[in-house]
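Chains, contacts and geometry: an overview
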Amino acid sequence: MEITRRHVLSLLSATGLAAVIPASGASAAPTAPDGARAGDAGIERLLGNARAVLAGTAESNSRAETAAKLAAVAATARGHLADMAAAGGNELFRGLPLGTSDSNLNTSFRRLYEIALASRTPGLPPGAPPHDDATRRRVVDGLVTLHERYYGDQSQGYYGNWHHWEIGISTSVTATLVLLAEEIAEQQSELTRRYIASMDAYLRNGKNGDVDLDSRFHTGANLADITTNRILQGALLADEGRIRKALEDQLTVYATIDPYHLEHGVTDGHYADGSFIQHGSVAYTGSYGKGLLSRVVQTLTYLDGTGYANTGALVPVVHRWVTDGFAPVIFEGWMMEIVKGRAVSRTGGGYADSAAVAEAVTDLSAYADGERAAALKSYVKHLHTASAAPPDPARFASPLTVVRHAAILADDSVPAADLNPAARCAAFNAMDRTVHRRPGHAFALARSSERISKYEYMNGENLMPWFQGDGAHYLYLAGEDQRQAFGVDYFTTVSPYELAGVTAPDERRQTVPELYGKPYYDNPEHPLHFTASSESQNTYVYFPRGTGRHSGGAVLDAYGAAAMVQSDDVAYAERDRLPDDFTVYRNARATKSWFLLDEEIVVLAAGVGDPAGRAVTSTVDARIADPDDTVRVSGERDGGGVWSGDGTGRLRWLRYANETRRTAVGYLFLDSPGERRQPVAVGLRTVTRSRRAVRTANPDTAVTRRVFHAAFRQDAGAAPRAYAYALVPGVGERELRGYGADGGPLAVLANSTRLQAVRHAGLGLLAVNSFGRGRRTVAGLRLDGPASVLVRREREGRVVVAASDPTMRRDRLTLLLHGRRLRPVSSDPDVRVSHVPGGTLLRVSTRHAYGRTVTVTLR
């Protein structure tokens, strides 16, 4: 039975906490030998589990599958030992001077851990570095040196990035203390206590050396990291109170976020619709979300059999995260760009991101039962078989996971199966994202609003992010290696002003380092107190929200509608309260809809222009190809006639084909009511740029790609315009011609800043987005204000209606279906059906629905 949100909250309540955490950890722990306290047995089991997870066991490491993992562990440690031997003054490792660089200190601690790991990994040749007593002594000596000279003095520490001091260093140190507990007890008996006292003191965004659930730093993935460390530290200190408190704090990440009843004011975490948010307003499933998933599953493994927690009660919650949150945003093993924040600029790529999910799901399946375990194992195999770059088990954190993963792949009774149905439309309205999947493609859309950030920039990452939340889309084609189509090279070679789906003013913006000479804006004396990690920095620099409230959509079965009113970011809107030397940028304007069908993705845009009079570009699509790929662009002019190559023209359709990869996308240009088709500018050019252009820490590697770009362009001072077109993935020229001059089964019924609607005759589907107050009517449907509505008329005489509030501010929607009276066959409890003169009236309650789709079936 699926754990409900209410059940999770009850687990976290004062009276229900014992359902997960027994009243006394000692009383529930396994029976201890030789009359020792039961709590001691629980602690020993916890530490033993942790060592097994980190280093593996003699049994796991004797398996052939772990050989590559063990070799990598040993090679890494040997390299670090060589750098340790060659270190100069103020260095523990060659090339990492200490005293002013928090990054170097964090790296030095991580390298000590990696040496300690090799020294404790069963299966490595004993008696010689790195698996010998001398190596372990060197690690202990290194810990002493770092604490005495660079870490223990609180007056000298805590410079630079808070994450290093509160999470990064603590994670490495805690794991090292666990691995070498015996050696440390013999050589430096007080070292563990000294380190834990220092780690507590560096928890400066906490309270009294502990977690503070009211702190914006102690949420989501960050909270999971901190509390997992504190669980292990409690075991090292034999402090069951510390273990229990850390577990209670970590349990809060399991609760589904209720935006109308926030706990501790926290918006970070998983939402009912599958969304995941970190940093208060960033769509982040593919970065912080996978970090949280990994940490939580790791902690479940640490706790197994200890008696400190009933982990079985939590497995169904994590399973729902995977099914509703992760699986929809992973296409053929590729993590979609729309949920990665600043991580889109990193070189790792979407396959590496989903490998971390595969790793966590592999371990989660070991703690699940029945159908849930079977589905998770099938998904692990799917991620391996569907990916152009399958997960490399040698990169998994634990040898135990390597063995489990190999067993799943070798089990012929486990079929490879996605957790998604072949056709799925997912409205992640809590994080302003939409994903539309079909067997041959997936369409991912990034929106923004007053709730959700337009983008994320931080620490020199994602340097040119300005329009990534302004309707940017990513059309993934089946069977393609997505590294050649998206990832860091897409953002490197495609202009940030010409991302697919974006409407942007023609201007050159400067990156944060260009503007301010450092990776953040520094002005601590201003009343807003701008420092590297201040709330003002977050609000106006790192991840500014939009200022529009209309961003949302509805889903009917596997079809969808989404809408957004493009807005300025909060920095421009609040420019009068910002410092004089703070740079703000004004956005263009557009009201946009996306209607997500079987073969077509229809895009309508109205009111497109710029109040400041600048030229504006609205990009239909942008795609990249290798320089040696054979790319063909063809089309047909409005009124007939072949069109090919670069240039601008009024087109009926356009087709981009990468013949080398055997992929194609068609573009239908549709008439808007009362308007002619607008001219389309098409280009195919070769672009070479360094990956460092999008992230300062990237290698200075030049990337060359052929960039296809199709867009509508408006001259400076032009009046607002409307555009209508459809993306048709995988289509051939013959099929595009078959749509005919009138768009075939597609008809644009309305395209204005008040109402946008299409009808697909073949599907019997009417899809509508309305904007602003007031009544409006289209195709026999009357609406009373902003709404997203899908109406499907089926052959059996049934009519299915799905509706949502895209503003998340309305208490009720009122819809009138003109025509014969209809009665409800099945209905969401939030719908009331009544008959009025001329038709059927639907009153849809949307109070506190947070963009959820409400559905009713009528006959």
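See the structure above.
On a predicted model such as this, the values are computed, not experimentally measured, just so you know. (Residues numbered from 1 in each chain as written. Predicted model: local features only at pLDDT ≥ 70, side-chain atom pairs only at ≥ 80, totals over all residues. Heavy atoms only, no water.)

Turning to the pattern of salt bridges, a few remarks are in order. Counted according to the given criterion, the structure contains 56 salt bridges. A single salt-bridge network, built from bridges that share partners, covers D200, D210, R230, R242, K245 and D249. (Salt bridge = Lys/Arg side-chain N within 4 Å of Asp/Glu carboxyl O.)

Our next topic: the nonpolar core. L105, Y195, Y254 and Y490 are the most contacted members of the largest nonpolar core, which has 174 residues in total. The biggest single contributor to this core is helix α8 (residues 162-179), with 9 residues. Listed in part, the 37 residues of the second largest apolar core include V620, W643, L651 and L654. (Core = buried A, V, L, I, M, F, W, Y, C linked by side-chain atoms within 4.5 Å. Buried < 20%, exposed > 50% of the residue type's maximum accessible area, 1.4 Å probe, protein only. Helix = DSSP H or I, 4+ residues; strand = E, 2+ residues; numbered from the N terminus.)

A sheet is described by the order of its strands in space; here 4 strands give the open sequence β6-β7-β8-β9, paired in antiparallel fashion. Each end of this open sheet is capped by a strand with a single partner; those strands are β6 (424-428) and β9 (472-477). Along the sheet, successive strands turn relative to each other by an average axial angle of 10 degrees, direction set aside. (Pairing = 2+ DSSP bridges. Axes fitted to C-alpha atoms, helices over the stretch in contact; angles between N-to-C directions.)

In terms of burial, strand β13 (residues 589-596) is a largely internal element, 7 of the 8 residues being buried. Where strand β12 (residues 559-565) lies against β13, 6 bridges are found, and the strand directions are antiparallel. What sits directly across from A562, in β13, is W594. Judged from the 7 bridges that link them, β13 and strand β14 (residues 601-609) form a sheet pairing that is antiparallel. Bridge pairing in β14 places L596 opposite I601. If you look at the hairpin formed by β13 and β14, you'll find 4 residues sitting between the two strands.

Cis geometry is found at the peptide bond from P129 to P130, where omega equals 5 degrees. Tracing the backbone shows P130 in the loop between α6 (102-119) and α7 (133-151). Its identity as a non-glycine residue notwithstanding, N90 has a phi of 60 degrees, on the positive side. Inspection of the secondary structure assignment puts N90 in the loop between α5 (67-85) and α6. Look at N459: it is not a glycine, yet its phi comes out positive at around 55 degrees. Tracing the backbone shows N459 in the loop between β8 (441-446) and β9.

It is worth stressing that arrangement in space is one thing and function is another; only the former is reported here.
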